Amino acid sequence: MVSSEMRSAVGGVDSAQFMLQKGGLMAVGGGSIGGGGGALGNGQFENWGDSGVVADHSQQTDASTDTDDKNQLPGVHIARLTTLDSRDPCDGKNGEQKALRRLAQNREAAKKSRIRKKVYVQQLENSRQKLTQLEQELKRARQQGIVVTSGFSGDHSHSISGNGALAFDMEYARWLEEHHRLIEDLRSAVNSHAGDTELRLIVDAVMSHYDEVFRLKSVGAKSDVFHMLSGMWKAPTERCFMWLGGFRSSEVLKIPERQIEPLTEQQLMGIRSLQQSSQQAEDALSQGMEALQQSLVDTLSSISSTPRDSGYVMDYMKQMSMAMSKLAAIQNFLHQADLLRQQTLQQLQRILTTRQAARALLAINDYKSRLRALSSLWCARPRE
């Protein structure tokens, strides 16, 4: 009977909702169930959980709260008495996958960022070490009175990385430092009146060291012959007396002749003969260099400044190729000049005795040191 009354009541109330209380089942929002707005029947459901209505609908109320706590059923539409989850399980799964992908992408981006930062820090450290080394080299060079320039202006623009001219400047600074050490050993041996055997060893070491700088210049000329030719690795006053990338042998021979005494007549004749032959070789190289320069001028000036026909490009390329081949001859002139300087020093050593050769090497070194000192004084002079 209760079931039939409830069904009739439900059929008459479309929007009714149920509220299940501990004492019984009451109609909410549309009137009472079973008769006149009062309680259902004449009493209360003592075993409401066993009733047919509740049994029929309890399986459909998924979103109900725990009846042991409040024994209340949330508002449920009477037609269904169920609460459906408005979220689509597929949408939730896709959202979770997207979140995982974003998390993985963020982790990968963070990892790449850390790697880039590590590489950048390592590059900075390497650059700092190279800069520190270069500063030390320049400091030693300045202490020794030379001005090392890397030629960053005009036609001598160079890059620091892999630059042959700068590499030679640094090697020359090391060579000069070792040369000063050998000269001091030689000076100490001369002043202490060391024997000829000891002096011979030191003199041979100094001469071998001169051979090393000629080798360094030969390597440097292959990289940048114009840097060797201009003498930018020397002090400014030294460059005033330069000839084809170095000193004039005939001028250097005048130093021992004036400062080394006594010299035998045979030694004087030998030095003067060597000076004369050196002068002749220098004149021949100078004339060859002048002829090369004039030939370059003629080649470059023969190129038309304005294109007149279709053969202009071919003529231009031909003349420039000829000029390049002539420029390559400069390296040979520089090599011949260094060879003359090297042979002159060796011939001078043969003419003099061991002790005289030691004094000659000291005199030549002191002359060059004074030139470098003069450069330092000139650069430090007060400007008006």
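Residues numbered from 1 in each chain as written. Predicted model: local features only at pLDDT ≥ 70, side-chain atom pairs only at ≥ 80, totals over all residues. Heavy atoms only, no water.

Undergrad: Got a minute to help me understand the overall build of the chain in this structure?
TA: Helix and strand content of the chain: 13 helices and two strands. The buried share of the chain, taken over its 384 residues, is 33%. If you take every contact in the chain between residues at least 6 apart in sequence, the share linking residues at least 24 apart comes to 68%. A total of about 24400 Å² of accessible surface is found on the chain, and carbon and sulfur atoms cover 53% of it. (Helix = DSSP H or I, 4+ residues; strand = E, 2+ residues; numbered from the N terminus. Buried < 20%, exposed > 50% of the residue type's maximum accessible area, 1.4 Å probe, protein only. Contact = heavy atoms within 4.5 Å. Areas by Shrake-Rupley, 256 points an atom, 1.4 Å probe, with all protein chains shown as cover.)

Undergrad: Just checking my understanding: could you explain empty space enclosed by the protein for this structure?
TA: Over the atoms a probe the size of a water molecule is rolled, and this reveals where empty space is left. One pass over the structure, following the stated rule, counts three cavities of 30 Å³ or more. Considering the residues around the largest cavity, the lining is formed by 18 residues, among which Tyr 172, Trp 175, Tyr 210, Lys 234 and Lys 368 are closest to the centre. Counting only elements with at least two residues in the lining of the largest cavity, the list comes to α4 (164–191), α5 (196–223), α12 (329–351) and α13 (354–379). Split into classes, the residues belonging to the lining of the largest cavity amount to eight nonpolar, four polar and six charged. (1 Å grid on protein atoms, 1.4 Å probe; cavity = no way out; pocket = protein on both sides within 12 Å on 5 of 7 lines; lining within 4 Å. Points joined across faces, edges and corners; volume = space filled by probe spheres on them. Nonpolar A, V, L, I, M, F, W, Y, C, P; charged D, E, K, R; others polar.)

Undergrad: Can you help me understand a nonpolar patch on the surface in this one?
TA: A cluster of nonpolar side chains, namely Tyr 120, Val 121 and Leu 124, defines an oily patch on the protein surface of about 300 Å² accessible area. The residue Val 121 is located in helix α3 (residues 89–143) in this model. Residue classification places Val 121 among the partly exposed positions, given a relative accessible area of 46%. (Patch = residues over 30% accessible without salt bridge, like charges linked within 9 Å, V, L, I, M, F, W, Y side chains within 5 Å. Salt bridge = Lys/Arg side-chain N within 4 Å of Asp/Glu carboxyl O.)

Undergrad: Explain the layout of surface pockets here, please?
TA: Volume-wise, the largest pocket comes out at about 340 Å³. Secondary structure elements with two or more residues in the lining of the largest pocket: α8 (249–252), α9 (254–259) and α13. Here the lining of the largest pocket gets five residues from one element, more than from any other, and that element is α13.

Undergrad: What's the story with the pattern of salt bridges in this structure? I'm lost.
TA: Oppositely charged side chains are able to pair whenever their charged atoms sit close together. One pass over the full model with this rule turns up 14 salt bridges. Ionic pairing is found between Lys 217 and Asp 338, a salt bridge with its closest N-O pair at 2.8 Å. Within this pair, whereas Lys 217 is found in helix α5, its partner Asp 338 is found in helix α12, the two being separated by 121 residues in sequence. Judged by its relative accessible area of 4%, Lys 217 is buried. Here Asp 338 falls in the buried class, since its relative accessible area comes to 7%. The salt bridge involving Glu 238 is made with Lys 234; its shortest N-O contact spans 3.8 Å. Accessibility expressed as a relative area gives 6% for Glu 238, which makes it buried. Judged by relative accessible area, which is 10%, Lys 234 ranks as buried. Each of Glu 178, Arg 181 and Asp 185 takes part in salt bridges that share partners, so that together they form one network.

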